[in-house]
Amino acid sequence: MSKETEKIAALQEENRLLKEELAEYKQIVKDVSAPIIPSIIPETILVPITGKLSQDRFETIISSLMNACYENEVETVIIDFTAISKKEIGETAVLGQSIDHLINSLNLMGAETFLVGFTPDFTQDLMRSGMRIRTDLNTFLTFRSALQFLIKKKGMVFA
C-alpha cells in the first residue's frame, strides 16, 4: 500500500468517526431541547421547549411525546414555551398548525395537553400564523399555575 493510499484510508476513517460523533451530538441536542420530565403528579410529564422551532422539529417533538405517553401511560402533558423568543420561531405560517397538530396527536393518544409560557411576542406570532383558538385549549402563564390547576382538578392535596 502506498503512502498516499494510506493517507486516504486514514482520512476516510477520520471522516467516518467524525460523522458518527456529529450524529451523537445531534441526538444529544434533540434530547436536551425538549426533555421529558416526570412530574410530582402521577401520569403527568413536563416538557420545556427550547431552541429553534421548525416543522421538522415539531415532528420530532410529537414523535417523542407520543412514545413517552404510550410507554408511560401519560394522561397529561404540560408543554412550556417560556424559552421561545422571536428568534427561535422559524416559519411563522406553520407555527400555529404545528402546535395544533401537536395537541391533536397527543389528544388521540388520550393525553390532555396544557400549554404554558407564551410570551406576548410568541402569542402575537401564533395569532398571525392562523392558529385557531380551541375551546378545549388549556393555557397557563407558568408550569406552576398549570400544576396547581391540575392538582385541584384531580382533587390532590400535598402536605
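Above: the structure in question.
Conventions adopted
Residues numbered from 1 in each chain as written. Predicted model: local features only at pLDDT ≥ 70, side-chain atom pairs only at ≥ 80, totals over all residues. Heavy atoms only, no water. Phe/Tyr/Trp six-rings, centres within 6.5 Å; stacked < 30°, edge-to-face > 60°. Helix = DSSP H or I, 4+ residues; strand = E, 2+ residues; numbered from the N terminus. Buried < 20%, exposed > 50% of the residue type's maximum accessible area, 1.4 Å probe, protein only. Pairing = 2+ DSSP bridges. Salt bridge = Lys/Arg side-chain N within 4 Å of Asp/Glu carboxyl O.

*Asks:* What should I look at first to understand the packing of aromatic side chains in this one?
*Replies:* Two descriptors summarise a pair of aromatic rings, namely the distance from one centre to the other and the angle between the planes of the rings. Per the stated rule, a full pass over the model turns up six aromatic pairs. Centroid distance Phe81 to Phe122: 5.4 Å. Interplanar angle 25 degrees. Geometry classified as stacked. Note that Phe81 is positioned in the loop between strand E3 (76-80) and helix H3 (92-108) and Phe122 in helix H4 (residues 120-128), a separation of 41 residues in sequence. In this structure Phe81 comes out as buried when scored by relative accessible area, which is 0%. Exposure remark for Phe122: the relative accessible area of 1% places this residue in the buried category. Judged by centre distance (5.2 Å) and plane angle (45 degrees), the rings of Phe140 and Phe149 are tilted.

*Asks:* Mind showing me how you'd approach unusual backbone geometry here?
*Replies:* Across residues other than glycine, the phi torsion is negative in most instances, and most of the peptide bonds are trans. In the Ramachandran plot, Glu43 falls in the positive-phi region, its phi being about 60 degrees despite a non-glycine side chain. By the element assignment, Glu43 lies in the loop between strand E1 (37-38) and strand E2 (44-48). For Glu43, a relative accessible area of 37% corresponds to the partly exposed category. Even without glycine at this site, Glu73 takes up a positive phi of about 50 degrees. Position of Glu73 among the secondary structure elements: in the loop between helix H2 (55-72) and E3. Residue Glu73 is classed as exposed on the basis of its relative accessible area of 62%.

*Asks:* In this structure, what is going on with the sheet that holds E1? I would like to understand it.
*Replies:* By definition, the strands of a sheet pair up through backbone hydrogen bonds, in either a parallel or an antiparallel sense. In space, the five strands of this open sheet follow the order E1-E2-E3-E4-E5, with mixed pairing throughout. Each having just a single partner strand, E1 and strand E5 (138-140) make up the two edges of the open sheet. Strand direction decides the pairing type here: E1 and E2, joined by two bridges, are antiparallel. Counterpart to Pro38 in the pairing with E2 is Ile45.

*Asks:* Honestly, the pattern of salt bridges in this entry has me stumped. Any pointers?
*Replies:* Side chains that differ in sign of charge can pair as their charged atoms come close. Applying the stated rule across the entire model yields four salt bridges. In this structure, Glu13 engages Arg16 in a salt bridge whose closest nitrogen and oxygen atoms are separated by 2.6 Å. Of this pair, Glu13 and Arg16 both sit in helix H1 (residues 3-33), three residues apart, roughly one helical turn. Looking at Glu13, the relative accessible area reads 35%, which means it is partly exposed. Linking Glu75 and Lys154 is a salt bridge whose minimum nitrogen-to-oxygen distance equals 3.4 Å. Within this pair, whereas Glu75 is found in the loop between H2 and E3, its partner Lys154 is found in the segment after helix H5 (143-153), the two being separated by 79 residues in sequence. Note on Lys154: relative accessible area 32%, which makes it partly exposed.

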